[in-house]
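# Survey of secondary and tertiary structure
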Amino acid sequence: MKKLIFAFILGIVSYGVEIDPDTGLKISKGFEEVKNNCTVCHAASMFTSARGSREEWLASIRWMQETQGLWEFDPETENIILTYLETNYPQEVTSRRRPILSKDLLPPK
Ligand code: HEC
């Protein structure tokens, strides 16, 4: 029963996404790793507005490692960081609207 109550409270707490006041980052799994490694040289806003797929995030990281002096991560940390970024700042769906139908697909007048 105690477990159930705890799970219930946890559910309420995690329902709304909490934002870290210092960095503006969403607080969820991997937040600490991202805060410690990604807000050293620039503000988090540099990438919270960037959004991208996992591949795009990895490309940004590799680019910074090759040209901006970003350190190497051990595979586990890198995985945590990428999962955090891809989960919390995923590629934006540009438009949810379907394209306009061509005339021959419209119902007859
Ligand atoms: C060693 C310093 C350093 C660290 C640490 C660092 N960055 Fe950067 N990052 C830079 C610099 C320098 C730029 C370019 C700034 C500019 O264009 O004004 C940049 C730019 C970016 C960009 C924009 C360019 C692009 O590829 O879209 C993103 C996104 C980004 N960083 C994400 C991250 C993430 C995520 C982390 C943590 C894994 C991180 N950064 C950690 C130095 C760093």
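Looking at an unreviewed UniProt entry, one finds the protein named Cytochrome C and attributed to Helicobacter anseris.

On to the packing of helix α4 (residues 54–67) against helix α5 (residues 75–88), then. With their axes 9 Å apart at the nearest point, α4 and α5 run at an angle of 130° to one another. As far as their axial angle goes, α5 and α4 are oblique. Crossing of α4 over α5 shows right-handed handedness. Residue-level inspection shows Arg-54, Trp-57, Leu-58, Ile-61, Arg-62 and Gln-65 of α4 in contact with α5, the latter providing Glu-78, Asn-79, Ile-81, Leu-82, Thr-83, Leu-85 and Glu-86. For the contact of α4 with α5, the class distribution of residues is six nonpolar, three polar and four charged.

A few words on helix α2 (residues 31–38). Taken together, the buried positions of α2 are occupied by Phe-31, Val-34, Asn-37 and Cys-38. Projected down its long axis, α2 carries its buried residues within an arc of 150°, all on one side. Where the residues of α2 are buried, they touch α3 (45–48) and α5.

Scanning the model with the defined rule gives two aromatic pairs in all. Relative to Trp-57, the ring of Phe-47 has its centre 6.3 Å away and its plane inclined at 90°; by these criteria the two rings are edge-to-face. With Phe-47 in helix α3 and Trp-57 in helix α4, this residue pair connects regions lying ten residues apart in the sequence. Judged by relative accessible area, which is 8%, Phe-47 ranks as buried. On the numbers, 6.1 Å between centres and 55° between planes, the contact of Tyr-84 with Tyr-89 is tilted.

Four donors placed tetrahedrally about a metal ideally form angles of 109.5 degrees, and six donors placed octahedrally ideally form angles of 90 or 180 degrees. Protein coordination at the iron atom of the ligand comes from His-42 (NE2) and Met-64 (SD), with a distance range of 2.0 Å. Coordination at the iron atom of the ligand is octahedral: its six donor atoms span angles of 88 to 180° at the metal. One end of the pair, His-42, is in the loop between α2 and α3; the other, Met-64, is in helix α4, with 22 residues separating them in the sequence. For His-42, a relative accessible area of 23% puts it in the partly exposed group.

Bringing α4 into the picture now. The terminal C-alpha atoms of α4 lie 20 Å apart, and with 14 residues this matches the ideal 20 Å at 1.5 Å per residue to within 8%. Those residues of α4 that fall on the buried side of the exposure criterion are Trp-57, Ile-61, Met-64 and Gln-65. Buried residues of α4, viewed axially, fall in a sector of 100°; they line one side. For α4, exposure combined with an orientation more than 90 degrees from the buried face picks out Glu-55 and Glu-66.

What counts as what
Residues numbered from 1 in each chain as written. Predicted model: local features only at pLDDT ≥ 70, side-chain atom pairs only at ≥ 80, totals over all residues. Heavy atoms only, no water. Axes fitted to C-alpha atoms, helices over the stretch in contact; angles between N-to-C directions. Helix = DSSP H or I, 4+ residues; strand = E, 2+ residues; numbered from the N terminus. Parallel < 35°, antiparallel > 145°, perpendicular 65-115°, else oblique. Left-handed = near helix turned anticlockwise from the far one by under 90°. Contact = heavy atoms within 4.5 Å. Nonpolar A, V, L, I, M, F, W, Y, C, P; charged D, E, K, R; others polar. Buried < 20%, exposed > 50% of the residue type's maximum accessible area, 1.4 Å probe, protein only. Arc of directions from axis to C-beta. Phe/Tyr/Trp six-rings, centres within 6.5 Å; stacked < 30°, edge-to-face > 60°. Donors = N, O, S within 2.8 Å, 3.2 Å for Na, K, Ca; no water. Tetrahedral: all angles 85-135°; square planar, octahedral: opposite > 155°, others 65-115°. Expected span 1.5 Å × (residues − 1).

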